[in-house]
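# Descriptive structure summary
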Amino acid sequence: MTESEVIQASRNKLNRAIGFLRGNKKLDDTSRGQLALQALHSLQTGDYERAAKIMEGEAGDPVDGDPTTAIDQLTDTLRDMGDRVNGLNDQVREVNTALDEQLYWIPNLPHDSVPYGDSDEQNIAHPHQGAIRTFTFEPKPHWDLGVALDIIDFERGVKLAGSRAYVLKNWGARLQRALINLFLDMARDHGFEELYVPFFVKEDMMYGAGQFPKFRDVVYTDPEADIYMLPTAEVAITNLYRDEIVDEAQLPIYMVANTPCFRREKTSAGRDVRGIKRVHQFQKVELYKFTTPETSYQELESLVEAASDVCRALELPFRRLEIVTGDLGFSATKKYDLEVWAPGCQEWLEVSSCSNTESFQARRANIKYRPHGSKKSQFVHTLNGSGLAAPRVIIAIMENYQQADGSIEIPTALRPYLGGADVIPSK
RNA sequence: GGACGGGUGGCCGAGCGGUUUAAGGCGUUGGUCUUGAAAACCAAAGUGGGGCUUCAGUCUCACCGUGGGUUCGAAUCCCACCCCUUCCGCCA
């Protein structure tokens, strides 16, 4: 016990005892004063147990003194004890607050299986899956295709909302809607439960998901309300079971949500300014798992596979990237990215990022489960992965499926979502 | 946005300054009984932190929406805030 707890324990006993003494109807004022006097004497010699017992009626040795003021002196002594406890507690609180502020800045530790590396340049690219298309013409970047087909309107997007804003039109908007439905349907096939969540959350939720305090400058906020726009649905889903203890039989829990994601992208001003690769608002379908510690790494593998299946369904060439220690980010113990090839802008585009955070988020959001037969609850493990981010998939489809006449073929898997259409016609 | 009422364990619900160790009920778990079940009866059980321990336990602090305050002592009194019911207003 800490010092303040020791004092508090005595206070609790004495407060109860003095209440008993006050309300003891068997006593007259004189004998009550005499007991108080004896209790006071014990208190002054440091014997709190005895003082409490005397007040509860156990006779002690008679002592000299003024019985009429004894109870007042007792309460004075107890007040002093209370002041002392409060003083100590204030000190403890101050230290704890300062400590927490520091601890929130400490990132998660990499898992043993994560390869060592200083930066994203050392990330390990697995062999790509799916054929990389060859073209009989020079494939165009999506920003040219989008304007030519009148399916992305950059100028009017900027007019509405400033830099990095865009408007999807006609087939562009429909394509995104079709993609999201495909993503969600495939997630459901993999056992994920679909959610519709608030697009903004309270500040605590940002801490719970590990976004705050480090990435505070990335999110949009209403400074007058305690409200922050989601940079990813992960924040909302993580906190669904905040301060709860889930039954082990419920685990693993799979959830999926389609939300817009809002990001200031302040840190990367000047990068990727063309097109819709890096924007302030985009649609993303997020896959999320709550698991036991024993299964979280195999769940990470199946999570990456679930995301990979979407790339396969769309017949896009993609590869898995194994993230090295130096590029892990703040919350993850292990992470895989999925990249699809975009022949127009000639680069691999990150369309998914799948992480195990182990108990990192669960600790912050206080999400526990009770193992079978155990009295003690413990933290769950949480995993998140995109499945997938819409704009970059739109880029990949436009650039991979473009044809010599400027039209874009629609991937087979998407056609049922677009009334059976097989092509976005050129203008 | 205005008015009223209210937030208590897994759920319902009592308590409204000191024997609260939070009543009672429902539900849960174990046991008795039973061929098995039901019923009945008996028993157990909140969450988190910390300390001892022979790992069966045991002691202790905190927790009754949140944060302050009053008091020797707060679930109970006061203030602020949040949330919910109902009614009114507004609105897709």
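Residues numbered from 1 in each chain as written. Chains lettered and ligands numbered in written order. Predicted model: local features only at pLDDT ≥ 70, side-chain atom pairs only at ≥ 80, totals over all residues. Heavy atoms only, no water.

As a further point, take the packing of helix α1 (residues 3–23) against helix α4 (residues 67–103). One way to put it is that α1 packs onto α4 with a least axis distance of 10 Å and a crossing angle of 150°. Classed by the angle they form, the pair α1 and α4 counts as roughly antiparallel. Crossing handedness for the pair α1 and α4: left-handed. Listed contacts from α4 to E3, S4, I7, Q8, S10, R11, L14, N15, I18, L21 and R22 of α1 are I71, L74, T75, L78, M81, G82, R84, V85, L88 and N89. By residue class, the composition of the contact of α1 with α4 is 10 nonpolar, seven polar and four charged. (Axes fitted to C-alpha atoms, helices over the stretch in contact; angles between N-to-C directions. Helix = DSSP H or I, 4+ residues; strand = E, 2+ residues; numbered from the N terminus. Parallel < 35°, antiparallel > 145°, perpendicular 65-115°, else oblique. Left-handed = near helix turned anticlockwise from the far one by under 90°. Contact = heavy atoms within 4.5 Å. Nonpolar A, V, L, I, M, F, W, Y, C, P; charged D, E, K, R; others polar.)

In this structure, L179, L314, V393 and L414 are the most contacted members of the largest nonpolar core, which totals 61 residues. For this core, the element with the most residues is helix α7 (residues 170–189), which contributes 10 residues. Contact partners of L314, with chain neighbours within four places excluded, come to L179, L182, F183, V393, I397, Y401, P411 and L414. (Core = buried A, V, L, I, M, F, W, Y, C linked by side-chain atoms within 4.5 Å. Buried < 20%, exposed > 50% of the residue type's maximum accessible area, 1.4 Å probe, protein only.)

Overall, mixed pairing links the eight strands, which are arranged β1-β11-β12-β13-β16-β10-β9-β4 in an open sheet. Each edge of the open sheet carries a strand with a single partner, namely β1 (124–125) and β4 (193–195). As paired elements, β4 and strand β9 (residues 253–262) share three bridges and run parallel to each other. Across the sheet, the residue bridging to E194 is V256, located in β9. With respect to the sheet, α7 is in contact with β4, β9, β10 (281–291) and β16 (381–389), its orientation differing from that of β10 by roughly 5°. Docked against the sheet, helix α10 (residues 296–313) engages β9, β10, β11 (318–322), β12 (334–342), β13 (347–356) and β16, running at close to 5° with respect to β16. (Pairing = 2+ DSSP bridges.)

This is a description of form; function is not addressed.
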